[in-house]
Amino acid sequence: MTFGRLEFASLRIGQKLAVHYFAVAMVLFLAQMLFGLLAAWQFLDPAFLFGVLDFNVNRMVHINAMVVWMLYGFIGSIYWLVEDEAGVPLVGPRIAKAAFWVFTVAVTIVVVVYLFVQSGPGDAWTLWLINEGREYIEAPRWADIGIVVCMLAIFYNVAGTFLAGRWSGISGVLVLDLVALAGLYLAGMFYTTNLPMDQYWWWWVIHLWVEATWEVLVGCIMAWGLIKTLGARRRIVTTWLYIEVALMFGSGILGLGHHYFWIGTPEYWLGVGGFFSALEPIPLVAMVVHAVYDAGRHAFRANNHPALAWLIAHAFGNFLGAGVWGFMQTLPQINLYTHGTQWSSSHGHLAFFGAYVTIIVAMIYVAVQRLRGNVWMSAGLQGGWRWKWALGLTHLGMMGMTVALLIAGYEQSFVERAIGGSTWQAYFEGQTQPWFVEAMWWRMAFGVLMTFGVVLLLWDLVRIGVGEKRPMKVVGGLDDVEETGSGPVPEGSAAG
Amino acid sequence: MVAEGADEPRREWWASEDFWRKCAIFVTGFMALVLVMLTFHTLTVIEAGSEAGRVPAYSVINHRIGYEFDEQRNFAVPVIGPPAPLFGEMLSEEEARRLVDHGKLTVQARNCMNCHTLLGNGAYYAPDLTKAWLDPGWGNESAREILMTRFLDDPIANARTFGTGRRMPDPNLTEAELRGVIAYLKWMSAIDTNGFPHGFTPLPQGPLTGGGR
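Residues numbered from 1 in each chain as written. Chains lettered and ligands numbered in written order. Predicted model: local features only at pLDDT ≥ 70, side-chain atom pairs only at ≥ 80, totals over all residues.

(A) Seen up close, the overall build of chain B. A count of helical and extended segments in chain B gives 4 helices and 4 strands. What you see for chain B is a C-alpha radius of gyration of 25 Å, clearly larger than the 17 Å of a compact globule of 213 residues, by over 25%. By its C-alpha atoms, chain B is 85 × 40 × 35 Å across when sized along the principal axes. Burial status across chain B gives 42% buried among its 213 residues. For chain B, restricting intrachain contacts to residue pairs at least 6 apart in sequence, the fraction spanning at least 24 positions comes to 61%. (Helix = DSSP H or I, 4+ residues; strand = E, 2+ residues; numbered from the N terminus. Rg over C-alpha atoms; globule rule 2.2 N^0.38 Å. Buried ≥ 20, exposed ≤ 12 C-beta atoms within 10 Å, placed from the backbone. Contact = placed C-beta atoms within 7 Å.)

Okay, here's the thing in structure tokens:
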């Protein structure tokens, strides 16, 4: 192995696939930023691209690129760790490769249709071929079916590889979580005239993904990441993972009710949803304690500083964005004023970034280190300013956008809802208040700042470790090498 | 260095992996079961036209829809009034369902939800459509149908941006789609949303028993 050179050929099959997934994820991340900027600019200049790329198109591509690149990031992360964790090679590499290409071609076609066809006549064909018109899961039905088929191929590979090799706490949770995650997608794949019925099942996909199964999935990735970057003890991280699962599903499954306050569903959801969703921050606190405790326990001696930094950013970002920002408006008494305002936008931005962007980036840094031949990525890294500035700029940009949107949301819920009586007139009064307009300018400015951060991040991911001659730092105590379970596969990074 | 090795002390039950594994399985199973049970109940309640009265039958578009304060629940709720057929046509339940259905398909096909919110869900670039049918912006009940038709037919020429400069792009609706969208919005306004959006004040409505449209 040559330090600092590309070592693609020596990667395991799953890891090669993971690199593919990560590459597409990062391209889509950049697309998400660009379409977010276009949509943000349209708030300031509504004539911009009017009739060409309208706000609804830009916003749809913005959020869909995000959902899809996060799925790519998760799938990449799972493929990256599956052989290491199971101790055997991937069981169905050809199916796995085919699934990647089918998925990627499908995503490309969907985006091209979004941009150039945009919408269709009001019949079922449009929903099958162009756009389903349901926020976050707009992908047309043919693509839904394609996604399910690809997910089955991936699931076969993940579960099959663990069956062929060995199981662990992490892999057990991971496989069961994938069953739930894939199964839930089916709840979003039908059409009904009844809007409350439509939104009831729609939230099964959105909420039970984002506030339940995705959270558990990143819990698994976090557990594995802490073992790899810090040499944390497997038994401790596994116990924490179980605690997190109990707390996450214990609060998040019925926390679904906070989406059922105002959509025509019965009044008991006000109580059920308010109570359980108010508990949702608790597992996120547990995750912070866990990550920070482990990092401190190992005196921050990590073999991959950028990855550990992004893991810690994940722990805090998840707590702040999903936990605190979510809690702020989760009680029905507050949500009545804030539902469907820029509050939600503020929460959405910080939560997706804090909970998911961060941990996928951490995993990509883990992958890049191996790709460069298990090179040194601890203190004194050559060109280390890049990852630090990328981390700083993305976080500053995101926090700036979040706070700007929150101010806009406060103003909107006050002027439009509390005073204005929630009419269209009141809506527009809220949208023209100086506080709102200024907040939108600040959002734009911080969005540009964050885009610089993302570009720098992508540059760093391509360049980090180049020319570095030192081998990866050895982490973890000798006495727990066995427990870190890097397994019989020789490249396990914690094996020392 | 982590000093714990093979000779570590026995763990307390609350710190053991096994306890928390069982806990995770039990809690997840229990919560999923409760959700499934609540779902069965909710689905019967939100059936269109069910006895609970929260989600109206599609033929509600044949009637006047009011929005009145309910003392007991302490917020305003939709009230179904005497007949006031949309576009002057009384429809059967099935005809009404088909018209509303065409409207919902059109709203999805034109991707309305990525500017507007429906029942508060969607994007925040344009106003919420939950109570669009009842919005005071239409002036009064007799002008509403004509104004809505005119606006949806050419939203650029009839744009009212209230100083934001935000206009709705022309969705190029066919006449059938346009009627469907209006029917869908009328039906939507009769959904009982627990008082959302807060403090909504409808367009001027006389006593609901008075007929008219």
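After that view of the structure, there is still more to cover.
(B) Up close: the overall build of chain A. Scanning chain A from N- to C-terminus turns up 17 helices and 0 strands. When the backbone C-alpha atoms are referred to their principal axes, chain A occupies close to 65 × 45 × 45 Å. In chain A, which comprises 496 residues, the share counted as buried stands at 61%. Taking as baseline every contact in chain A between residues at least 6 positions apart, the subset at least 24 positions apart corresponds to 79%.

(C) A look at the confidence of the model for chain B. All names here are of chain B. For chain B, the average pLDDT comes to 92, and 93% of its residues sit at 70 or higher. In this model, residues 1-6 is a region of pLDDT below 50 whose contacts with residues beyond four sequence positions or in other chains number 5 contacts. Under the prediction, the complex receives an ipTM of 0.94, its pTM being 0.93. (pLDDT = per-residue confidence, 0-100.)

(D) Layout of the confidence of the model for chain A. Averaged over chain A, the pLDDT score is 92; the fraction of residues at 70 or greater is 96%. Predicted confidence for residues 478-496 of chain A stays below pLDDT 50, and this span has 40 contacts to residues more than four positions away or in other chains.

(E) Fine view of the domain arrangement of chain B. By the assigned domains, chain B splits into domain 1 (17-45) and domain 2 (58-204). Centre-to-centre separation of domain 1 of chain B and domain 2 of chain B, based on C-alpha positions: 37 Å. (Domains from an automatic or database assignment.)

(F) Spotlight on the interface of chain B and chain A. Contacts between chain B and chain A engage 70 residues on the former and 71 residues on the latter. For the side of chain B that touches chain A, the elements supplying multiple residues, two or more each, are α1 (17-45), α2 (93-109), β3 (117-118), β4 (121-122) and α4 (175-189) of chain B. Among the elements that make up the side of chain B that touches chain A, the one with the highest residue count is α1(B) (13 residues). By residue class, the composition of the side of chain B that touches chain A is 34 nonpolar, 23 polar and 13 charged. (Nonpolar A, V, L, I, M, F, W, Y, C, P; charged D, E, K, R; others polar.)

(G) Seen up close, the nonpolar core. Counting 204 residues, the largest nonpolar core has Y21(A), A25(A), C220(A) and L311(A) as the members making the most contacts within it. It is helix α7 (residues 195-230) of chain A that provides the largest number of residues to this core, a total of 22 residues. Split by domain, the residues of this core number at least three in each of domain 1 (17-45) and domain 2 (58-204) of chain B. Excluding anything up to four places from it in sequence, C220(A) contacts I170(A), V173(A), L174(A), D177(A) and L241(A). (Core = buried A, V, L, I, M, F, W, Y, C linked by C-beta atoms within 7 Å.)

(H) Representation of the environment of G76(A) in the model. Residues and elements named next belong to chain A. Along the polypeptide, G76 turns up in helix α2 (residues 55-86). G76 sits 269 residues away from S345 along the chain, and the two C-alpha atoms are 28 Å apart. For G76, the residues in contact, after removing those within four places along its chain, are A18, Y21, F22 and A25.

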